Amino acid sequence: MTSLKSPAAITEALRRELGDAAEDVQRTYSDLHTWMINKGENPRREIGLSESTAENYLDRLDQLHRFSITYFDPDDPTKIEDEHADALLLMIDRAEITKQRGKNKGEEYGESTKRKFADTLGCYFRWQYYEGAMDYEWEPKINFSDEKGESAYRFTYRELGLLFEEAESYGALPSYYDTPVDEREKIDGLVAQRLGIPKEDVTRNDWLHADWSGKVHSMVAVGFDAGLAPIEIGNAETHWYDPKSNTLKIPTEFACKEREKEEVGLSDRSGDVLSEWFQERRHLEKYDGSNKIWLNREGNPYQSGSLCNLLRNLCEETGIKTDDRKIVWYSLRQTMGRNVTAEGELSEANDQLRHERYETTQEAYNQTPVEKLQLRLNETQRKAEKAAADPEYNPFAEEVDATSSTATTNTQPAQETNETTAAVSKTNGGGLHIDAVISDTTEARVDITRQILQDGTEE
């Protein structure tokens with residue numbers, strides 16, 4: 001039998017959460033530590049885990065225990081319930097629970113860390129089963145591996161458009177006068193939350209003020225355009241936005257990762273929406289003295305979990321399927337990166353995503369949108385039908401003909417327009433005189449340039 005080392009004490013953070021029950025949990029962790037050292041690897045054969053592995057399990061269990069208390073407020077805080085364990089893993093997988101400290105605070109856990117959390121809970125419940133505290137062996141409902149995990153879902157163009165539409169009107173209130181008196185009290189509570197005022201002080205004018213807000217719309221639109229990670233939404237400050245150039249500058253010290261590239265462009269629509277939100281937020285009391293662009297109802301910066309929930313709520317409101325899809329806040333960034341890569345140049349997507357290496361953009365975002373693939377498949381079907389009807393038909397001849405036609409058009413000299421014909425003449429001194437009103441078109445500019453060059457080189 002392996003000699004035992006005194007187990008690590010539970011953290012002060014967990015002690016504060018547990019209060020008077022802390023000593024009971026400390027004894028539980030000590031018992032679990034002993035069991036892991038003696039039987040944790042294979043209980044039936046009584047093969048134990050290494051000391052370092054056992055301590056790593058206890059460290060992660062301490063963290064999971066705190067998550068369980070924070071998110072579920074269990075009746076018995078001294079233990080983790082199996083249904084809470086499944087819910088915790090789901091929240092971790094959906095990035096509703098994210099990294100808690102360090103430079104990457106607020107970022108999604110990697111697949112390897114998710115698997116370690118699941119393994120920790122598996123060991124914890126296996127101990128309970130073999131010690132007689134449970135009458136069945138718990139198995140997680142989500143399986144993780146050290147391989148690359150499931151990517152965030154990427155929206156179709158239609159889904160993206162519906163999201164923007166829903167975000168614009170998200171949270172609209174019913175008409176004050178059309179709402180029954182008994183229902184008004186419930187909505188008064190919502191209005192009070194939105195405006196940060198006591199419920200008893202809510203008036204009809206407050207309903208009008210709370211009926212619309214550009215916060216969610218601006219957060220979704222700018223979050224999409226700039227590919228903002230959750231922690232960047234939380235860190236975003238008003239001075240990041242330059243309305244003159246319609247750009248957003250994300251300082252590297254506030255970015256989710258250290259990035260040399262800091263500035264990204266915004267679409268005209270997103271710039272307008274953000275400017276409107278800036279005007280609105282000036283009148284909201286909770287933003288007094290704060291440079292944060294967006295704050296939640298409690299007046300705190302947004303975190304990953306609440307942003308993921310917001311995006312899923314938007315999807316559900318607009319009828320976008322959420323089951324069996326990993327819809328998280330990163331879905332907006334993933335969708336933007338894919339679309340810009342497919343529609344423009346790789347360098348454009350690389351800059352907008354603030355990647356250092358083109359390889360990163362190429363590997364992660366070089367995915368053709370389904371709409372573009374469907375168009376290509378429809379074209380393939382059309383050519384197949386035509387080939388079946390005409391044995392002489394060559395499906396590639398159309399592309400050759402189209403290329404030749406384009407080349408001929410591009411190389412054919414343009415005809416001089418009436419407005420530039422004879423516009424250039426020589427003076428008696430040998431100089432050039434130009435007398436014409438030139439349209440602001442490429443053709444007209446080419447014509448006048450050709451004449452200048454021809455007359456200037458004639459002997």
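The paragraphs below set out a description of the structure included in this document.

1. Let's talk about the overall build of the protein chain
Each helix and strand in the protein chain was counted, giving 18 helices and five strands. By the burial criterion, 40% of the 459 residues in the protein chain qualify as buried. Taking all contacts inside the protein chain whose residues are at least 6 apart in sequence as the whole, residues at least 24 apart take part in 59%. Surface accessibility of the protein chain: about 26400 Å² in total, with carbon and sulfur atoms responsible for 46%.

2. Some thoughts on the sheet that holds strand S3 (residues 263-265)
With antiparallel pairing, three strands are arranged side by side in an open sheet as S1-S2-S3. Edge positions in the open sheet fall to strand S1 (241-242) and S3, since each of these has one partner strand only. Across two bridges, the pairing between S1 and strand S2 (residues 247-249) is antiparallel. The partner of Tyr241 across the bridge, within S2, is Leu248.

3. A short note on unusual backbone geometry
Phi is positive for Glu46, which is not a glycine, with a value near 55 degrees. Tracing the backbone through its elements, the reader meets Glu46 in the loop between helix H2 (22-39) and helix H3 (51-72). Its relative accessible area of 54% is what places Glu46 among the exposed residues. Despite not being glycine, Ala95 has its phi angle at roughly 65 degrees, a positive value.

4. Describing the environment of Ser151
Here Ser151 shows up in the loop between helix H5 (111-130) and helix H6 (157-169). When its relative accessible area of 38% is taken as the criterion, Ser151 is described as partly exposed. Separated by 175 residues in sequence, Ser151 and Lys326 place their C-alpha atoms 7.2 Å apart.

5. Looking at H6
Here H6 spans 19 Å end to end across 13 residues, near enough to the 18 Å set by a 1.5 Å rise per residue. Buried residues of H6: Glu159, Leu160, Leu162, Leu163, Phe164, Glu166 and Ala167, and no others. Buried residues along H6 sit in contact with helix H9 (215-226), helix H12 (304-318) and helix H13 (330-343).

6. Observations concerning the nonpolar core
Membership of the largest hydrophobic core comes to 52 residues, with the highest contact counts inside it found for Phe155, Leu248, Leu274, Trp294 and Trp329. Those elements that provide at least two residues to this core are H6, H9, helix H10 (230-235), helix H11 (268-281), H12 and H13. When near neighbours in sequence (up to four residues on either side) are disregarded, Leu248 contacts Val222, Ala226, Leu228, Trp240, Tyr241, Glu262, Glu263 and Val264. Grouped together as the second largest cluster of nonpolar side chains are 38 residues, Ala22, Leu49, Ile80 and Ile92 included.

7. Considerations on the pattern of salt bridges
Pairs can form between side chains of opposite charge once their charged atoms are near each other. This structure, assessed with the given rule, holds 17 salt bridges. Across the pair Glu108 and Lys114 runs a salt bridge, and its minimum N-O distance is 2.6 Å. Residues Arg354 and Glu232 are paired through a salt bridge, measuring 3.0 Å at the closest nitrogen-oxygen approach. Pair noted here: Arg354 is in the loop between helix H14 (346-352) and helix H15 (358-365) and Glu232 is in helix H10, with a separation of 122 residues, a long-range link. For the pair formed by Arg354 and Glu232, the shared burial category is buried.

8. Some points on the side chain of Lys114
Relative to the helices and strands, Lys114 resides in helix H5. Taking the relative accessible area as the measure of exposure, Lys114 reaches 1% and is therefore buried. Not counting residues up to four positions away in its chain, the partners in contact with Lys114 are Ile92, Asp93, Glu108, Tyr109, Phe144 and Lys326.

9. Looking at the packing of H3 against helix H4 (residues 82-93)
In contact at an axis separation of 10 Å, H3 and H4 are set at 95 degrees when each is read in the N-to-C sense. The angle between the axes of H3 and H4 places the two elements in the roughly perpendicular class. Counted together, Leu64, Phe67, Ser68, Tyr71 and Phe72 of H3 and His84, Ala87, Leu88, Met91 and Ile92 of H4 form the full contact between these two elements. Tallied by class, residues from the contact of H3 with H4 come to eight nonpolar, two polar and no charged.

Here is what the cut-offs are and how they apply
- Residues numbered from 1 in each chain as written.
- Predicted model: local features only at pLDDT ≥ 70, side-chain atom pairs only at ≥ 80, totals over all residues.
- Heavy atoms only, no water.
- Helix = DSSP H or I, 4+ residues; strand = E, 2+ residues; numbered from the N terminus.
- Buried < 20%, exposed > 50% of the residue type's maximum accessible area, 1.4 Å probe, protein only.
- Contact = heavy atoms within 4.5 Å.
- Areas by Shrake-Rupley, 256 points an atom, 1.4 Å probe, with all protein chains shown as cover.
- Pairing = 2+ DSSP bridges.
- Expected span 1.5 Å × (residues − 1).
- Core = buried A, V, L, I, M, F, W, Y, C linked by side-chain atoms within 4.5 Å.
- Salt bridge = Lys/Arg side-chain N within 4 Å of Asp/Glu carboxyl O.
- Axes fitted to C-alpha atoms, helices over the stretch in contact; angles between N-to-C directions.
- Parallel < 35°, antiparallel > 145°, perpendicular 65-115°, else oblique.
- Nonpolar A, V, L, I, M, F, W, Y, C, P; charged D, E, K, R; others polar.

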